[in-house]
Amino acid sequence: MLSRRHLFSAAALLGLLTLTGCARDRAPTVDYVLLNGQAGNSQQWGGKVMLVNFWATSCTTCVKEMPQIVATHDKFKARGLDTLAVAMSYDPPAFVAKYAETRKLPFGVAIDNTGAIANAFGQVQMTPTTFVINKRGEIVKRYVGEPDFPALHALIEKLLAEA
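Residues numbered from 1 in each chain as written. Predicted model: local features only at pLDDT ≥ 70, side-chain atom pairs only at ≥ 80, totals over all residues. Heavy atoms only, no water.

(A) Highlighting the packing of helix H2 (residues 60–76) against helix H5 (residues 149–161). In the contact formed by H2 and H5, the axes pass within 11 Å of each other and the chain directions differ by 25 degrees. Classified by the angle between their axes, H2 and H5 sit roughly parallel to one another. Here H2 and H5 pass one another in a crossing that is right-handed. The residues of H5 that touch H2, namely those facing Glu65, Gln68, Ile69, Thr72, Lys75 and Phe76, are Phe149, Leu152, His153, Ile156, Glu157 and Leu160. Looking at the contact of H2 with H5 residue by residue, the classes come out as 6 nonpolar, 3 polar and 3 charged. (Axes fitted to C-alpha atoms, helices over the stretch in contact; angles between N-to-C directions. Helix = DSSP H or I, 4+ residues; strand = E, 2+ residues; numbered from the N terminus. Parallel < 35°, antiparallel > 145°, perpendicular 65-115°, else oblique. Left-handed = near helix turned anticlockwise from the far one by under 90°. Contact = heavy atoms within 4.5 Å. Nonpolar A, V, L, I, M, F, W, Y, C, P; charged D, E, K, R; others polar.)

(B) Broad picture of the packing of aromatic side chains. Summed over the entire model, instances satisfying the criterion amount to 5 aromatic pairs. Both rings, one in Tyr32 and one in Trp45, keep their centres 6.3 Å apart while their planes meet at 35 degrees; by these two values the pair is tilted. Residue Tyr32 is located in strand E1 (residues 31–33), and its partner Trp45 is located in the loop between strand E2 (39–41) and strand E3 (49–55); the two are separated by 13 residues in the primary sequence. Neither Tyr32 nor Trp45 differs from the other in exposure class; each is buried. (Phe/Tyr/Trp six-rings, centres within 6.5 Å; stacked < 30°, edge-to-face > 60°. Buried < 20%, exposed > 50% of the residue type's maximum accessible area, 1.4 Å probe, protein only.)

(C) Quick look at the environment of Pro147. As for its placement among the helices and strands, Pro147 is situated in the loop between strand E7 (139–144) and H5. In this structure the C-alpha to C-alpha distance between Pro147 and Ile69, which are 78 residues apart in sequence, comes to 9.5 Å.

(D) View of the sheet that holds strand E6 (residues 129–133). Pairing is mixed across the open sheet formed by 5 strands, whose spatial order is E5-E4-E3-E6-E7. Looking at which strands have only one partner, the edges of the open sheet turn out to be strand E5 (108–111) and E7. Neighbour-to-neighbour, the strand axes of the sheet open up by a mean angle of 15 degrees, direction not taken into account. As paired elements, E3 and strand E4 (residues 81–87) share 7 bridges and run parallel to each other. Across the sheet, residue Val52 finds its bridge partner in E4, namely Leu84. Lying over the sheet, H2 contacts E3, E4 and E6, oriented at roughly 165 degrees with respect to E3. Contacting E3, E4, E6 and E7, H5 crosses the sheet at an angle of about 165 degrees to E7. (Pairing = 2+ DSSP bridges.)

Given below as structure tokens:
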């Protein structure tokens, strides 16, 4: 049988774990260059809800989900969503540029040629991996694989409504 002291310690630990679970990681500070040559930095994302999608042209799931990423961007961009597609370091830049051009991707596309952006986001290795970042620059959700788009849209709605 557990003593009162053990129960109190367990309750305190559970409370601490619960509070810790609520803490959100800040999005890392990263520099990038878009395909159009424009330099960017994650510090420019303040006040926006960001969708950061790590992908590769050789990833069939990435290619399959990209039209839904585009539709999500188009649906919410006027309300403050921005999207950055980050091509993985192993993706040939010419393939990325051709894909973005032929599909007329309506958001910024960066090539992570050194792997620094993927490393800053927690050593992203699996594609697709998508991060949702709130207006305060906190990572709210990380999807590995194709997101559940209705749930993603509900989350974006909630985050856009926040002050």
